[in-house]
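Per-entry structural report
Chain by chain, the residues run as shown.
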Amino acid sequence: EGIGASKIGSLFIYILVATIGMKMDIFSIVQYPGILVVGIIWMLVHIVTMLLVAWLIKAPYFFVAVGSMANIGGAASAPIVASAFHPSLASVGVLLAIFGYIIGTFGAIICAMLMQLVIP
């Protein structure tokens, strides 16, 4: 900490997130507009679920924000959001991201099965 390890680590996390974002092909939206609609519906379900569960269990907004980033962005972005609340909470973001990976794996398998049902 004395030589700035946290600041350098935070810088590299920002670089990682930017690198992941640069691999996106924005023009593919024109080619496949239906995928954009599916993405919007998916995000609406995510937002409603996160806010409903947070309201039911009376969770602080910290867990809503970090949990959302853990589900969407994974281990790259959850610590950034957690450290925005307090630098010592970055490890909570990592733990939530790992938990999101575990749950997300099973969710992806279920989603793939549902998509196979609707393929002609």
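The structure contained in this document is the topic of the report that follows. Keep in mind it's a predicted model, so treat the numbers as computed, not measured.

Topic: the environment of Pro-60
Its place among the elements puts Pro-60 in the loop between α3 (33–57) and α4 (61–72). The exposure class assigned to Pro-60 is partly exposed, which follows from its relative accessible area of 45%. Along the chain, Pro-60 and Ser-28 lie 32 residues apart, while their C-alpha atoms are 37 Å from each other.

Description of a nonpolar patch on the surface
A cluster of nonpolar residues, Met-24, Ile-26, Phe-27, Ile-29, Leu-36, Ile-40, Trp-42, Met-43, Leu-44, Ile-47, Leu-51 and Ile-72, forms a patch on the protein surface that exposes about 1,200 Å² of accessible area. Sorting elements by how many residues they give to the nonpolar patch places α3 first, with 7 residues. Position of Leu-44 relative to the elements: it lies in helix α3.

Thoughts on the nonpolar core
In terms of nonpolar packing, the biggest core is built from 6 residues, these being Phe-62, Val-66, Ala-70, Ala-78, Ala-82 and Ala-97. Looking at this core, the elements that each hand over two or more residues are α4 and α5 (78–85). Ranked by the residues each element gives to this core, the list is headed by α4, at 3 residues. The contact partners of Ala-82, leaving out residues within four places of it in the chain, are Phe-62, Val-66, Leu-89, Ala-90 and Gly-93.

Some thoughts on the packing of aromatic side chains
Inspection of every chain in the model, using the stated rule, returns 2 aromatic pairs. An angle of 70 degrees between the planes, with centres 5.0 Å apart, marks the rings of Phe-62 and Phe-63 as edge-to-face. Aromatic pair Phe-62 and Phe-85: ring centres 5.2 Å apart, planes at 90 degrees, arrangement edge-to-face. Here Phe-85 lies in helix α5 and Phe-62 lies in helix α4, a separation of 23 residues in the sequence. The partly exposed category is assigned to Phe-85, whose relative accessible area is 44%.

Thresholds, definitions, all that
- Residues numbered from 1 in each chain as written.
- Predicted model: local features only at pLDDT ≥ 70, side-chain atom pairs only at ≥ 80, totals over all residues.
- Heavy atoms only, no water.
- Helix = DSSP H or I, 4+ residues; strand = E, 2+ residues; numbered from the N terminus.
- Buried < 20%, exposed > 50% of the residue type's maximum accessible area, 1.4 Å probe, protein only.
- Patch = residues over 30% accessible without salt bridge, like charges linked within 9 Å, V, L, I, M, F, W, Y side chains within 5 Å.
- Areas by Shrake-Rupley, 256 points an atom, 1.4 Å probe, with all protein chains shown as cover.
- Salt bridge = Lys/Arg side-chain N within 4 Å of Asp/Glu carboxyl O.
- Core = buried A, V, L, I, M, F, W, Y, C linked by side-chain atoms within 4.5 Å.
- Contact = heavy atoms within 4.5 Å.
- Phe/Tyr/Trp six-rings, centres within 6.5 Å; stacked < 30°, edge-to-face > 60°.

Functional significance is not addressed by these values, which are geometric in nature.
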